[in-house]
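Summary of structural features
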Amino acid sequence: LPAWGTMWLTLGGVVAGGQRLAVEIRQLVGDTGATEVSLVGGSMGGLFCRQAICELQDLKVTWRSFITLATPHLGGVPRSWAAFFAAWTITVRDLGWSTPALPDLCGEEAVAGLSRFRQRVAYAPVVDDGIVAWGTAALSGGEPEVLDG
């Protein structure tokens, strides 16, 4: 698919996105003989990476780094988007906790998958970026602390 056409694939939800990514990772490891894997995901890509880890429990590689950038780990959808998109996109329902996708990523299997990585980093915007709030990206649920100079 051309790059402009792949955006529509994100509307199928976290599980479908993670499954697609897992297929690509398996193929890449098989084709290249890679023995180490790091995953970096921005925004929804971070959730797709988390789901892919659940799908790849049997993959025999060394898991190096897991990095997310402004990923809505705790869900959340801007209210202005929710009413418009929820009727026709699974992704918005996932982010609103209306499906089991995000609760499943908090489960034992998903957490065990993350623990296999040597390094785990969740980068969050210091100031709410208007789409992904700091609390959900930083896995804190709260607001950032004010830092003095």
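A quick note: this is a predicted structure, and the numbers were derived from the prediction, not measured. (Residues numbered from 1 in each chain as written. Predicted model: local features only at pLDDT ≥ 70, side-chain atom pairs only at ≥ 80, totals over all residues. Heavy atoms only, no water.)

1. Here's the deal with unusual backbone geometry
Where the residue is not glycine, phi is negative for most of them; where a peptide bond is considered, it is trans in most cases. Of note in this structure, Ser43 is not a glycine but carries a positive phi near 55°. Tracing the sequence through the fold places Ser43 in the loop between strand 1 (36–42) and helix 2 (44–55). The class of Ser43 is partly exposed, set by a relative accessible area of 31%. Backbone geometry at Ala70 places phi at a positive 50°, although glycine is not the residue there. Its location among the elements puts Ala70 in the loop between strand 2 (62–69) and helix 3 (79–85). (Helix = DSSP H or I, 4+ residues; strand = E, 2+ residues; numbered from the N terminus. Buried < 20%, exposed > 50% of the residue type's maximum accessible area, 1.4 Å probe, protein only.)

2. Overview of the environment of Leu102
Mapped onto the elements of the fold, Leu102 is located in helix 5 (residues 101–105). By relative accessible area, which is 0% here, Leu102 ends up buried. The spatial distance from the C-alpha of Leu102 to the C-alpha of His73 is 7.7 Å, given a sequence separation of 29 residues. Sequence-distant contacts of Leu102, that is, excluding residues within four places in its chain, are made with Leu47, His73, Leu74, Gly75, Asp94, Leu95 and Trp97. (Contact = heavy atoms within 4.5 Å.)

3. Some thoughts on the pairing of strand 1
The side chains of a regular strand alternate between the sheet's two faces. Only one face of strand 1 is covered, namely the face carrying Val37, Leu39 and Gly41; the face carrying Glu36, Ser38, Val40 and Gly42 is uncovered. In the sheet, strand 1 pairs with strand 2 via six bridges, with the strands oriented parallel. Opposite Leu39, over in strand 2, you have Phe66 as the bridge partner. Traced from strand 1 through helix 2 to strand 2, the parallel crossover comes out right-handed. (Pairing = 2+ DSSP bridges. Right-handed = clockwise from strand over helix to strand, strands pointing away.)

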